[in-house]
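Examining the three-dimensional arrangement
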Amino acid sequence: MRIGTLLISCALALASLSAHAFERPFPAEAKRGVMTPANYPVVVINDKTRTLSAGARIWNQDNMIEMPAALRGSQFAVNYTEDGNGDIDRIWILTADEAQKTPPKPLPQPVLLPAPASKFK
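Each value, and the rule that gives it
- Residues numbered from 1 in each chain as written.
- Predicted model: local features only at pLDDT ≥ 70, side-chain atom pairs only at ≥ 80, totals over all residues.
- Heavy atoms only, no water.
- Salt bridge = Lys/Arg side-chain N within 4 Å of Asp/Glu carboxyl O.
- Helix = DSSP H or I, 4+ residues; strand = E, 2+ residues; numbered from the N terminus.
- Buried < 20%, exposed > 50% of the residue type's maximum accessible area, 1.4 Å probe, protein only.

Enumeration according to the criterion identifies 5 salt bridges in this entry. Of the charged contacts in the structure, one is a salt bridge between Glu98 and Arg24, with a shortest N-O distance of 2.6 Å. Linking Glu98 in helix α2 (residues 96-100) with Arg24 in the loop between α1 (2-19) and β1 (31-37), this pair joins segments that are 74 residues apart in sequence. Assessed through its relative accessible area of 14%, Glu98 is described here as buried. Between Arg90 and Glu29 there is a salt bridge, with its nearest N and O atoms 3.4 Å apart. Of this pair, Arg90 sits in strand β5 (residues 88-93) while Glu29 sits in the loop between α1 and β1; the two residues are 61 residues apart in sequence, bridging distant segments of the chain. By relative accessible area, Arg90 is classed as partly exposed at 21%. Judged by its relative accessible area of 39%, Glu29 falls in the partly exposed class.

Here you go:
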């Protein structure tokens, strides 16, 4: 009975270790920067004052949601995305290992071709 309990405990412990070893997926359009928190809804990224969007989310190094008010007085290496208005909508605070990796590559911009000339006039 004790051996069965021990084996189940070991199996659960091993399964929980793999949950901590995942690599966070960042979107291809994410940009890299250094963030300094300011009074909400403002953040300073790369020495530029930026505004957080209404539904902005900030994830900490443990991939848990972080409240902007809890980030006072520090600088963080971050990946971030912008919404259609240019406001910051998602921020990921990077671990030391993530900050050393190459930032995500931006998506190529679509090439707009001129409209074909109409045969009918």
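Our next topic: unusual backbone geometry. The residue after Tyr40, namely Pro41, is reached through a cis peptide bond having omega 10 degrees. In this fold, Pro41 is placed in the loop between β1 and β2 (42-45). Of note in this structure, Asn46 is not a glycine but carries a positive phi near 55 degrees. Topologically, Asn46 is positioned in the loop between β2 and β3 (48-59). We note that Asp47 has phi near 65 degrees; this positive angle belongs to a residue other than glycine. Residue placement: Asp47 occurs in the loop between β2 and β3. The exposure class assigned to Asp47 is exposed, which follows from its relative accessible area of 77%.

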